[in-house]
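What follows is the residue order along each chain.
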Amino acid sequence: MLPCEDQLVMDQKISIAEDFTKYPSGRYRRNGPGSGEEFREKFLLPALRAGRHVWVAFGGAYGYPASFVEEAFGGLIRSGQQLEHLERNLTLEPGAAEYEVYVAQAWRFMREASRAA
Amino acid sequence: MIASKGARPKRSELLIRNWAQNVDQHHIPSEMVLRKISKEDERRRLKAGFHRHKNQLLRKSKQRIGLQSTALRAPEIFRFSTNGDQTIQFLRNLRRVATVQRRSLKRGKWVWPRIDIDLSKIRQISIPAAIVLSAEFQRWSLLKEVQLRPHRIREWDSRVLRLFSDLGTFELLGISKRLEPTSRSFELVLLPLRSGTKNDGQSIAALQEDLRSLGLLFDRRSYIFDGLSEAVSNCIDHAYSLVDVGEAAVPRVGLRWWATSCYDPETESLRFFVFDQGVGISSTLIRQRDWLPLLEPILKGVESVLVKAGLKKPDCEVISAAFEVGRTRTKQSERGKGLDQMAGVVREVGGGYIRVLSGRGDVRIDAKGKSNSRELGFHLGGTLVEWSVPYAALRGPIGDGSEDLDS
């Protein structure tokens, strides 16, 4: 369920398709536009470090390659974020049934990165 | 001016004498016979005559000073599946000749060797083979090291003309006029070959969107985009990360990938292709430390000992094992996730196959994960990934606008 307007004042809602790109692709910035590294550094990390609750909407994009999802979300752990902190302050919204698999994938990558850290 | 008896006549006198002797034959006016030719005149005329003679000989022999020309003829069957060795050998010859005969400095001038590409013998050609050849044309077109010219193009088979015309290859060969095939007995819908050196999500998405814009009614699938995107990421991140000793001399054009898609009426399937000119999946995997322990249980016994000893493993077995690792292991490396997502395209559709031609390996995996593989005689010179999915499995309801991202 999406947060109500009052809650959104304290939180930050990010739509990957509308705020970043409809065609997320690739892992690193050097590989081209729309990379997982760019999304993490430009959108996710600044909002999380500012202490906000971050809502990320997956709907509307063409797809989510595994390398993008792993670098964007698994990379949060490698950037110093704690898994428990993310579980409290990060909400991933699929937006449609076809995007649920990507939400599950993102959480799996974060847990794997936490175990590997 | 007539020389004294016994003395050697001067050249100018000889010229006059010749003229005099030819007067009757050529009806030259008599007043011209007595005209004296100066030494300067004589020298100029001799020089001009020499150059005329030389140019005439050159025109007759069809040679140009300093320009090398080599003709390469493709085999009758230009397919990887039924004539892989001869097809790849032709590609290797093209690379070798173009690499050896690159532009050079001769007598203070740049010389551009010319390679005549003769495809007139081809009677059967596959789309994957046409893509790999088109990529090779583009490599040399970008490098500007040789001139590639089509040879005997009027004798090319109509399917060959159609494939290269649709792929946009004729422009790379310097043919501006589109050559229409004489017959259109097949209705293959093949998109122009796309190329890039960066991860370009929009270009990758266009491989589905352009087919839909041509009237093919099917729902775009996010997992097709994901698989194609992972293949492109593999090209950029891994394919060119090593220098293969065998292919070291062949110049590269950056971290380049090529991609296209088509509707194949013969199999009623949508086919997607991604190609790179790297060292091959097997070469890069073997050198990655985290992969060797994962591959060992699947490669088994003696084969893993060979790998540890650094001896060459069949590429097809390494590729099959890599896809098996990607499918079965939950604790996968980043590359394993990518390979699994590539194979996942046909798994999600529930039909079709993914085929990987990489190095010397040719591996085909169906929707149930069953794999068929074989080893080719020669290194392909890159990696070609092909997905073939049944068109019927992707068709959605007509007029459904829910897939339009811009609405």
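This text follows the structure it describes.
Here the structure is a predicted model, which means the values were calculated and not measured.

Student: Help me understand the overall build of chain A, please; the structure alone is not making it clear to me.
Tutor: For chain A, the helix and strand inventory stands at 6 helices and 3 strands. Going from the N terminus to the C terminus, chain A shows its helices and strands as α-β-α-α-β-α-α-β-α. Dimensions of chain A along its principal axes, counting C-alpha atoms only, are 40 × 30 × 25 Å. Taking all 117 residues of chain A together, 59% fall into the buried category. Here the analysis covers contacts within chain A between residues at least 6 apart in sequence; of these, 72% occur between residues at least 24 apart. Carbon and sulfur atoms make up 49% of the accessible area of chain A, which totals about 5300 Å². Seen as two clouds, the 14 positive and the 16 negative side-chain charges of chain A have centres 7 Å apart.

Student: Quick question: what am I supposed to make of the state of the cysteines here?
Tutor: A complete count under the given rule lists 0 disulfides over all chains for this structure. Cysteine cysteine 235 of chain B is unpaired, with the sulfur of cysteine 262 of chain B as its nearest cysteine sulfur at 18 Å.

Student: Help me understand the packing of aromatic side chains in this model?
Tutor: Aromatic ring pairs are reported here in terms of the distance separating the ring centres and the angle at which the planes meet. Per the counting criterion, the structure on display carries 19 aromatic pairs over all chains. An angle of 45° between the planes, with centres 6.2 Å apart, marks the rings of tyrosine 99 of chain A and tyrosine 102 of chain A as tilted. Overall, tyrosine 99 of chain A belongs to the buried group, its relative accessible area being 3%. One aromatic cluster is present, formed by Phe20, Phe39, Phe43, Phe58, Tyr64, Phe68, Phe73, Tyr99 and Tyr102 of chain A through successive ring pairs. Above the face of the tyrosine 62 of chain A ring, arginine 220 of chain B is positioned so that its terminal group lies 4.8 Å from the ring centre. Over the aromatic face of tyrosine 353 of chain B sits the side chain of arginine 364 of chain B, whose NZ or CZ is 4.1 Å from the ring centroid.

Student: Could you clarify how one ought to interpret the nonpolar core in this entry?
Tutor: It is characteristic of soluble globular proteins that their nonpolar side chains tend to be buried jointly. Residues and elements named next belong to chain B. Core analysis: the largest hydrophobic core is formed by 50 residues, its most contacted members being Phe78, Ile115, Leu119, Leu133, Leu148 and Phe164. Residue assignment for this core shows that the elements contributing at least two residues are helix H4 (80–100), strand E5 (114–118), helix H5 (127–143), helix H6 (158–167), strand E10 (257–264) and strand E11 (269–276). Tallying contributions element by element places H5 first for this core, with 9 residues. Among residues more than four places away in sequence, those in contact with isoleucine 115 are Thr70, Leu72, Leu94, Val97, Ala98, Val146, Gln147, Leu148 and Arg149. Counting 45 residues, the second-largest nonpolar core is a separate cluster that includes Cys235, Trp257, Phe323 and Leu394.

Student: Looking at this structure, I do not really get the sheet that holds strand E1 (residues 12–15) of chain A. What am I missing?
Tutor: The strands making up a sheet associate through backbone hydrogen bonding, with each pair oriented either parallel or antiparallel. Residue and element names in this part refer to chain A. As summarised here, the arrangement of the 3 strands in space is E1-E2-E3, forming an open sheet in which the pairing is parallel. Unpaired on one side and paired on the other, E1 and strand E3 (90–93) mark the two borders of the sheet. Taken pair by pair, the neighbouring strands of this sheet meet at an average axis angle of 20°, ignoring direction. As paired strands, strand E2 (residues 54–57) and E3 are joined by 4 bridges and run parallel to one another. Each bridged residue has a counterpart across the sheet, and for tryptophan 55 the counterpart in E3 is threonine 91.

Student: Mind showing me how you'd approach the packing of helix H8 (residues 201–213) of chain B against helix H9 (residues 222–239) of chain B here?
Tutor: Packed helices, taken two at a time, are described by the angle between their axes plus the distance between the axes. Residues and elements named next belong to chain B. Between H8 and H9, the shortest axis-to-axis distance is 10 Å and the interhelical angle comes to 130°. Here H8 lies oblique to H9, going by the angle between them. The crossing of H8 and H9 is right-handed. On H9, the residues touching Gly201, Ile204, Ala205, Leu207 and Gln208 of H8 are Ile224, Phe225, Leu228, Ser229 and Val232. Of the residues that constitute the contact of H8 with H9, the class distribution is 7 nonpolar, 3 polar and no charged.

Student: For this particular structure, what's the right way to read the side chain of serine 222 of chain B?
Tutor: Structurally, serine 222 of chain B can be placed in helix H9. Other than its neighbours up to four places away in sequence, serine 222 of chain B contacts Tyr62, Gly63, Glu98 and Tyr102 of chain A.

Student: How do you make sense of the pattern of salt bridges when you look at a structure like this?
Tutor: For side chains bearing opposite charge, pairing can occur when the charged atoms are close. All names here are of chain A. Per the counting criterion, the structure on display carries 26 salt bridges over all chains. Arginine 29 is the partner of glutamate 41 in a salt bridge, and the nearest nitrogen-oxygen pair spans 3.6 Å. One end of the pair, glutamate 41, is in helix H3 (residues 36–49); the other, arginine 29, is in the loop between helix H2 (16–20) and H3, with 12 residues separating them in the sequence. The exposure class assigned to arginine 29 is partly exposed, which follows from its relative accessible area of 41%. For the salt bridge of glutamate 112 with arginine 108, the shortest nitrogen-to-oxygen distance reads 3.5 Å. With glutamate 112 and arginine 108 both in helix H6 (residues 100–116) and 4 residues apart, the pair spans about one turn of that helix. Overall, the relative accessible area of 16% leaves glutamate 112 in the buried class.

Student: For this particular structure, what's the right way to read helix H4 (residues 66–78) of chain A?
Tutor: Residue and element names in this part refer to chain A. Given a rise of 1.5 Å per residue, 13 residues ought to cover 18 Å, and the 17 Å separating the end C-alpha atoms of H4 matches this to within 8%. At alanine 72, H4 shows its maximal kink, close to 25°. Along H4, the positions that sit buried rather than exposed are Ala66, Ser67, Phe68, Val69, Glu70, Glu71, Ala72, Phe73, Gly74, Gly75, Leu76 and Ile77. Immediately downstream of H4, the backbone of glycine 80 shows phi near 110°, a positive value.

Student: For this particular structure, what's the right way to read unusual backbone geometry?
Tutor: Backbone geometry follows two general trends: most residues other than glycine have a negative phi, and most peptide bonds adopt the trans configuration. All names here are of chain B. For arginine 152, which is not glycine, the phi torsion reads 55° and is therefore positive. Relative to the elements of secondary structure, arginine 152 occurs in the loop between strand E7 (147–151) and H6. According to the relative accessible area criterion, arginine 152 is partly exposed, its value standing at 33%. You will see that glutamate 268, though not glycine, has its phi angle at about 50°, which is positive. Assignment of secondary structure puts glutamate 268 in the loop between E10 and E11. According to the relative accessible area criterion, glutamate 268 is exposed, its value standing at 52%.

Definitions and cut-offs
Counting restarts for each chain: residues are numbered from 1 in the order of the written sequence. Chains carry letters from A onward and ligands carry numbers from 1 onward, assigned in written order. Residue-level local features of this predicted model are given only where pLDDT is at least 70; pairs of side-chain atoms are given and counted only at 80 or more, and the full residue set underlies all totals for whole chains, interfaces and linings. To obtain the side-chain values, all non-hydrogen atoms of the structure were used and water was disregarded. Strands here mean DSSP runs of E at least two residues long; helices mean DSSP runs of H or I at least four residues long; both are numbered from the N terminus. Partly exposed describes any residue whose relative accessible area lies between the buried limit of under 20% and the exposed limit of over 50%, with all areas from a 1.4 Å probe on protein chains only and scaled to the type maximum. Between two residues, a contact is recorded if the distance between any of their heavy atoms is within 4.5 Å. Only the protein chains shown count as cover for residues, with accessible areas throughout obtained via the Shrake-Rupley method and a probe of 1.4 Å. When charges are counted, neither His nor the chain ends are considered; positive counts come from Lys and Arg and negative counts from Asp and Glu. Every charge is mapped to an atom, namely NZ of Lys, CZ of Arg, CG of Asp or CD of Glu. Only a pair of cysteine sulfur atoms within 2.5 Å qualifies as a disulfide here. For this analysis, a ring pair means two rings from Phe, Tyr or Trp (six-membered ring only for Trp) whose centres lie within 6.5 Å, classed as stacked if their planes differ by under 30 degrees, edge-to-face if by over 60, and tilted for the remaining angles. The rule for a charge over a ring is simple: NZ of Lys or CZ of Arg within 6 Å of the ring centre, and within 35 degrees of the ring normal. We define a nonpolar core as any set of buried Ala, Val, Leu, Ile, Met, Phe, Trp, Tyr and Cys residues linked to one another through side-chain atoms lying within 4.5 Å. Paired strands, in this sense, are two strands between which DSSP finds at least two bridges. Interaxial angle, 0 to 180 degrees, is taken between N-to-C directions of lines fitted to C-alpha atoms, where a helix line uses only the stretch in contact. What sets the label is the angle itself: under 35 degrees gives roughly parallel, over 145 gives roughly antiparallel, 65 to 115 gives roughly perpendicular, and the rest give oblique. Here is the rule for handedness: rotate from the far helix to the near one, and if that takes an anticlockwise turn smaller than a right angle the crossing is left-handed, while a clockwise turn gives right-handed. Here the term charged refers only to Asp, Glu, Lys and Arg, the term nonpolar to Ala, Val, Leu, Ile, Met, Phe, Trp, Tyr, Cys and Pro, and the term polar to all other amino acids, Gly among them. Salt bridges are identified by distance alone: a Lys or Arg side-chain nitrogen within 4 Å of an Asp or Glu carboxyl oxygen. Any helix carries an expected span of 1.5 Å times its number of residues minus one. The angle between axes fitted to the seven-residue stretch ending at a residue and the seven-residue stretch beginning at it gives the bend at that residue.

Geometric values such as these leave the question of function open.
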